[in-house]
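Spelled out, the chains give:
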Amino acid sequence: MKFNTKALHSGSPNDPQTGAVTFPIYQTSTYGQSTPGKPNRFLDRELNYGRGENPTRTALEQSLAALEDAKHALAFSSGLAGVAAMMNTLKAGDHVVACQDLYGGCYRMFSKVYANLGIEYTFVDATDLDSVRSAFRDNTVLLWLESPSNPLINITDIREACKIAQSRNAKTLVDNTFATPYLQRPLALGADIVLHSTTKYINGHADVLGGALITNDEELYRSLKFVQNACGFVPGPQDCFLISRGLRTLGLRMERHCANAKLLAEWLSSHAKVSKVFYPGLESHPGHKLAAEQMNDFGAMLSFELSGGADSARVFLENLKVFTLAESLGAIQSLANHPASMTHASMEPEVRHSVGISDGLIRLSVGIEDVEDLIADLTTALEKV
Ligand SMILES: *Cc1c(COP(=O)(O)O)cnc(C)c1O
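In this text, all values refer to a predicted model and were calculated from it rather than measured experimentally.

Some details on the overall build of the protein
Argument step 1. Assigned secondary structure in the protein consists of 14 helices and 14 strands.
Argument step 2. For the protein, the C-alpha radius of gyration of 21 Å lies close to 21 Å, the compact-globule estimate for 385 residues.
Argument step 3. Expressed as lengths along the three principal axes of its C-alpha atoms, the size of the protein is roughly 75 × 50 × 35 Å.
Argument step 4. The buried share of the protein, reckoned over its 385 residues, is 56%.
Argument step 5. Of the contacts formed within the protein by residues at least 6 apart in sequence, a portion of 70% connects residues at least 24 apart.
Argument step 6. For the protein, the computed accessible surface area is about 15,700 Å², with 51% contributed by carbon and sulfur atoms.
Argument step 7. In the protein, which carries 34 positive and 42 negative side-chain charges, the distance between the mean positions of the two groups comes to 5 Å.

A few points about helix α6 (residues 158-167)
Argument step 1. All of the buried residues in α6 are I158, A161, C162, I164 and A165. What you see down the axis of α6 is that its buried residues fit within an arc of 155°, all on one side.
Argument step 2. Buried-residue contacts for α6 involve α5 (129-135), β6 (140-146), β7 (171-175) and α11 (288-294).
Argument step 3. Backbone geometry just downstream of α6 places N169 in the positive-phi region, at approximately 60°.

Some thoughts on the nonpolar core
Argument step 1. The biggest cluster of nonpolar side chains holds 114 residues, and the ones touching the most others in it are F110, W144, L302, F304, F316 and L364.
Argument step 2. The element contributing the most residues to this core is helix α10 (residues 250-269), with 7 residues.
Argument step 3. Residues from two domains meet in this core; each of domain 1 (3-247) and domain 2 (250-383) gives at least three.
Argument step 4. If we skip the residues at most four places from it in the chain, F316 touches F304, L306, I362, L378, A381, L382 and V385.
Argument step 5. If you look at the next biggest cluster of nonpolar residues, it comprises 6 residues, including Y31, F42, L43 and A59.

Let's talk about the sheet that holds strand β12 (residues 324-325)
As a general point, the strands of a sheet are linked pairwise by backbone hydrogen bonds and lie either parallel or antiparallel.
Argument step 1. Taken together, 5 strands build an open sheet; the order of strands is β10-β11-β14-β13-β12 and the sheet is mixed. The open sheet is flanked by β10 (274-278) and β12, the only strands paired with a single partner.
Argument step 2. Two elements, β10 and strand β11 (residues 301-306), share 4 bridges in a ladder whose sense is antiparallel. Residue V274 lies in a different strand from β11, and its bridge partner there is L306.

Quick notes on the packing of aromatic side chains
Argument step 1. In total, this model carries 8 aromatic pairs according to the counting rule given.
Argument step 2. Seen in terms of ring centroids, F23 and Y26 are 5.8 Å apart; in terms of plane orientation they differ by 50°. Their pairing is tilted.
Argument step 3. Considering the side-chain rings of F304 and F316, the 5.6 Å spacing of their centres and the 85° angle between planes classify their relative orientation as edge-to-face. On the criterion of sequence distance, the pair formed by F304 in strand β11 and F316 in helix α12 (residues 309-318) is long-range, its members being 12 residues apart. Grouping residues by exposure puts F304 and F316 together as buried.
Argument step 4. Connected via pairs of aromatic rings, a cluster forms that spans Y107, F110, Y121, F123 and W144.

Focus on the pattern of salt bridges
Argument step 1. A complete count under the given rule lists 20 salt bridges for this structure.
Argument step 2. Across the salt bridge formed by K262 and E266, the nearest N and O atoms sit 3.6 Å from each other. One end of the pair, K262, and the other, E266, are both in helix α10, 4 residues apart, so they sit about a helical turn from each other.
Argument step 3. On the basis of relative accessibility, which here comes to 38%, the residue E266 falls in the partly exposed class.
Argument step 4. Each of the salt bridges in this network shares a partner with another, and the network as a whole consists of R45, E53, R57, E61 and K225.

What about the site of the ligand?
Argument step 1. Contacts to the ligand come from 13 residues, most closely from G79, D175, S197, T199 and K200.
Argument step 2. A distance of 2.8 Å separates an oxygen atom of the ligand from a polar side-chain atom of K200.
Argument step 3. When the free accessible area of the ligand is taken as 380 Å², the share hidden by the protein chains comes to 94%.
Argument step 4. Of the residues in the shell around the ligand, the class split is 4 nonpolar, 6 polar and 3 charged.

A closer look at the side chain of E369
Argument step 1. As for its placement among the helices and strands, E369 is situated in the loop between β14 (362-365) and α14 (371-383).
Argument step 2. The buried charged residue E369 lacks any salt bridge partner; its closest oppositely charged side chain belongs to R256, at an N-O distance of 7.6 Å.

Quick look at the domain arrangement of the protein
Argument step 1. When its domains are assigned, the protein resolves into domain 1 (3-247) and domain 2 (250-383).
Argument step 2. If you average the C-alpha positions of domain 1 and of domain 2, the two centres end up 26 Å apart.
Argument step 3. Counting residues at the interface gives 41 residues for domain 1 and 42 residues for domain 2.
Argument step 4. Of the roughly 3,300 Å² buried at the junction of domain 1 and domain 2 (both faces included), carbon and sulfur atoms supply 63%.
Argument step 5. The three residues of domain 1 that bury the most area against domain 2 are L152, L183 and Y201, which together make up 23% of that side's buried surface.
Argument step 6. For the pair domain 1 and domain 2, the number of links is 1 salt bridge.
Argument step 7. Across the pair E348 and K112 runs a salt bridge whose closest N-O atoms are separated by 3.9 Å.

Rules behind the numbers
Residues numbered from 1 in each chain as written. Predicted model: local features only at pLDDT ≥ 70, side-chain atom pairs only at ≥ 80, totals over all residues. Heavy atoms only, no water. Helix = DSSP H or I, 4+ residues; strand = E, 2+ residues; numbered from the N terminus. Rg over C-alpha atoms; globule rule 2.2 N^0.38 Å. Buried < 20%, exposed > 50% of the residue type's maximum accessible area, 1.4 Å probe, protein only. Contact = heavy atoms within 4.5 Å. Areas by Shrake-Rupley, 256 points an atom, 1.4 Å probe, with all protein chains shown as cover. Lys, Arg positive; Asp, Glu negative; His and termini not counted. Charge placed at Lys NZ, Arg CZ, Asp CG, Glu CD. Arc of directions from axis to C-beta. Core = buried A, V, L, I, M, F, W, Y, C linked by side-chain atoms within 4.5 Å. Domains from an automatic or database assignment. Pairing = 2+ DSSP bridges. Phe/Tyr/Trp six-rings, centres within 6.5 Å; stacked < 30°, edge-to-face > 60°. Salt bridge = Lys/Arg side-chain N within 4 Å of Asp/Glu carboxyl O. Near = heavy atom within 4 Å. Polar contact = N/O pair within 3.5 Å; in protein donor to acceptor, adjacent residues only side chain to side chain. Nonpolar A, V, L, I, M, F, W, Y, C, P; charged D, E, K, R; others polar. Buried area = accessible area lost by both parts, 1.4 Å probe.

So, in structure tokens, the structure goes:
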């Protein structure tokens, strides 16, 4: 089956008991048993308690696995709950090599939570495979990649980076939030685990938080499923329902997102007040060729800098009307963000500057509005600068 068909028909789209064409919300915390220790089975799962199993969650997990062409998916209460679940499969003394311009919340969790519990981290420029290779140590168990990355939209060679990890007996996780499975399937490129903040494109409607970990590795799946229940990082059934509904239209939305972003990136790069545009669809982007090979299209996230720097960025952001100045991304409505003071404020300024996130950087999550209105909005805000 092709992508859009899978998005519509995977993961129990119909309720097998009633034929309802939309799978219902099982709003329950527990399940009755007819005799002690013999729970009911449904969708191949034993129904003991809501933290362990919920059919609405199982249906979502089956859809998420199908979209990444994987055997297993686990849903979490947020993207970061999925990250924490992954970290909870490690132990003190383990070492993780992570790309340096990663999601600010992941950086915060690694450096301020799990580093205190004895997990060691080295942050590297993952677009440079030699840096990745030389960061490995004997205790390295995990390579953490994000491509395209946040907020500089860097592209890492996932296939080659996974080979480095394999040669050192480490697993590779790819945060595929920016690309979505519509544009990129890291498991096919050699990754062991895919992470999504389903809060973003997969749900797509800016009305729920969620996360997912997706894998073909049976042992990893079992340990992650254990953590999901043992630590209680589970999403509620209503959130699962909304994410299942959102992902049915992922393909259609991504097509429009990408088409709009490409036009905006080209328009911005020819604007006199714009000094730099970061978008892999532009031939000038250092990762352009690689993105064309490992992705089906270039995505809808782009960043740029104004010649006037941080002060101009503030004036520009205050004058947007169609774009909402807000954290988050991947919603149908266009969002603008100032990484230095918003999504990446938890990164120390020295670290932020050393990885190239300037105080004037602006990140856009291009929505599915009519592109003429988006260009008109940018034009007016740039006139005020
Ligand atoms: C948002 C985001 C996360 C964290 O997800 P939440 O749902 O906000 O907890 C992780 N990685 C990336 C790339 C993100 O954009």
